[in-house]
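Each chain, written out:
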Amino acid sequence: MRALDFINHLIPPLKFTDKVTMALSWMEEIRTNILPVADKGGFKGFITDEIIYDINNPDLTIGEVELLAASCVVQLDRHIYEVLRISSENQVSMVAVVDKEMKYQGVVTEEDAVTAFTDSISIQTPGGVLILSMFMTDYSLYDIARVVESENAKVLSSFISNDPLDDSKIKVTLKTDQVELRHIKATLERFGYKIIDHYQEDGGVSGEQDRLGNLLRFLDI
């Protein structure tokens with residue numbers, strides 16, 4: 001699940017000497033509104049069609065344009081989740097990949113990252129999602145899984161995030177293989193776990209938008 005494995009080789013980088021009209025032509029051909037810019041082997045940022053339309057000067061070169069998100073990079077061996085995190089933080093739909101010498105290697109698109117990540121955490125498998133709130137010192141996936149398994153269910157995957165409503169606590173998001181969550185929820189609560197949200201799904205998702213929606217609900221962001 002390294003960024004290296006999901007580089008999209010169909011998206012070429014622009015150079016500082018390229019004209020903005022060339023960028024628009026490539027965007028139309030590739031059907032994207034954003035492209036990476038790499039010069040002398042290093043990643044310099046992204047250019048969008050909105051930037052080009054705003055400057056309204058077809059004679060400019062890429063090097064004369066203020067680019068976006070020059071720090072939106074990950075190294076080759078970083079997990080695909082890091083790509084999603086950085087993409088979200090920078091509000092761009094792709095992330096540049098660099099090697100240890102910070103040499104540009106390509107980009108991973110948000111769409112490819114979502115596909116890879118949802119496949120890895122069983123988000124498409126039918127089941128239910130439970131979100132628990134607790135102190136980090138109380139967290140034990142082994143203990144939680146044991147309670148879930150007492151109701152003849154399995155924890156397919158889990159995810160920990162900060163609780164925005166309480167800085168002292170974490171949120172634990174669980175994906176189970178059971179659609180019906182009533183008994184699991186009741187048993188967890190009987191063992192003292194606080195459940196702050198849950199949702200049930202009847203089957204796998206279809207389409208990238210549904211897949212992204214399910215991922216965001218799973219991550220609770």
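Here's what I pulled together on the structure shown here.

Definitions and limits used
Residues numbered from 1 in each chain as written. Predicted model: local features only at pLDDT ≥ 70, side-chain atom pairs only at ≥ 80, totals over all residues. Heavy atoms only, no water. Helix = DSSP H or I, 4+ residues; strand = E, 2+ residues; numbered from the N terminus. Pairing = 2+ DSSP bridges. Axes fitted to C-alpha atoms, helices over the stretch in contact; angles between N-to-C directions. Buried < 20%, exposed > 50% of the residue type's maximum accessible area, 1.4 Å probe, protein only. Contact = heavy atoms within 4.5 Å. Core = buried A, V, L, I, M, F, W, Y, C linked by side-chain atoms within 4.5 Å.

**Looking at the environment of L141**
Following the sequence through the fold, L141 ends up in helix α5 (residues 141-149). Separated by 14 residues in sequence, L141 and V155 place their C-alpha atoms 9.3 Å apart.

**With respect to the sheet that holds strand β4 (residues 94-98)**
Across the sheet, which stays open at both edges, the three strands sit in the order β3-β4-β5 with mixed pairing between neighbours. In this open sheet, the two strands that pair with only one neighbour each are β3 (73-75) and β5 (104-109). Across the sheet, the mean angle from the axis of one strand to that of its neighbour is 35°, orientation sign disregarded. Across five bridges, the pairing between β4 and β5 is antiparallel. Residue pairing for β5: M94 is matched across the bridge by T109.

**Some details on the side chain of S87**
Here S87 lies in helix α3 (residues 80-90). A relative accessible area of 2% means that S87 is categorised as buried. Among all residues touching S87, those that are not within four sequence positions of it are V92, S93, M94, V95 and E110.

**Here we look at unusual backbone geometry**
Phi is positive for R31, close to 65°, though the residue is something other than glycine. By the secondary structure assignment, R31 is in the loop between α1 (20-30) and β1 (34-39). Despite not being glycine, N56 has its phi angle at roughly 50°, a positive value. Residue classification places N56 among the exposed residues on the basis of a relative accessible area of 64%.

**As for the pairing of β1**
In terms of burial, β1 is a largely internal element, six of the six residues being buried. Where burial is concerned, the two faces of β1 agree: the one with I34, P36 and A38 and the one with L35, V37 and D39 are both buried. Sheet topology places β1 next to strand β2 (residues 42-48); six bridges connect them, and they run antiparallel. Its bridge partner lying in β2, P36 is registered against F46. Counting the residues that bridge the hairpin from β1 to β2 gives two residues, and of these K40 lies at a positive phi of roughly 55°.

**What about the nonpolar core?**
Counting 40 residues, the largest nonpolar core has F46, I47, I62, V83 and V108 as the members making the most contacts within it. Ignoring sequence-local partners within four residues, the contact set of I62 consists of L14, K15, F16, D18, K19, V20, A23, V37, I47 and L67. V148, A153, L174 and L188 belong to the second largest nonpolar core, which has 15 residues in total.

**Notes on α3**
When α3 is considered as a whole, its buried residues turn out to be I80, E82, V83, L84, I86 and S87. Q91 sits one or two residues past α3 and shows a positive phi near 55°.

**Here's the deal with the pairing of strand β8 (residues 170-176)**
In terms of residue burial, β8 counts as a mostly covered element, since seven of its seven residues are buried. Residues I170, V172, L174 and T176 point to one face of β8 and K171, T173 and K175 to the other, with burial holding for every one of them. As defined by bridge partners, strand β6 (residues 127-134) adjoins β8 across seven bridges and the pair is classed as antiparallel. Within β8, the position partnered with V129 by the bridge is K175. Bridging between strand β7 (residues 155-162) and β8 involves seven bridges; their strand directions are antiparallel.

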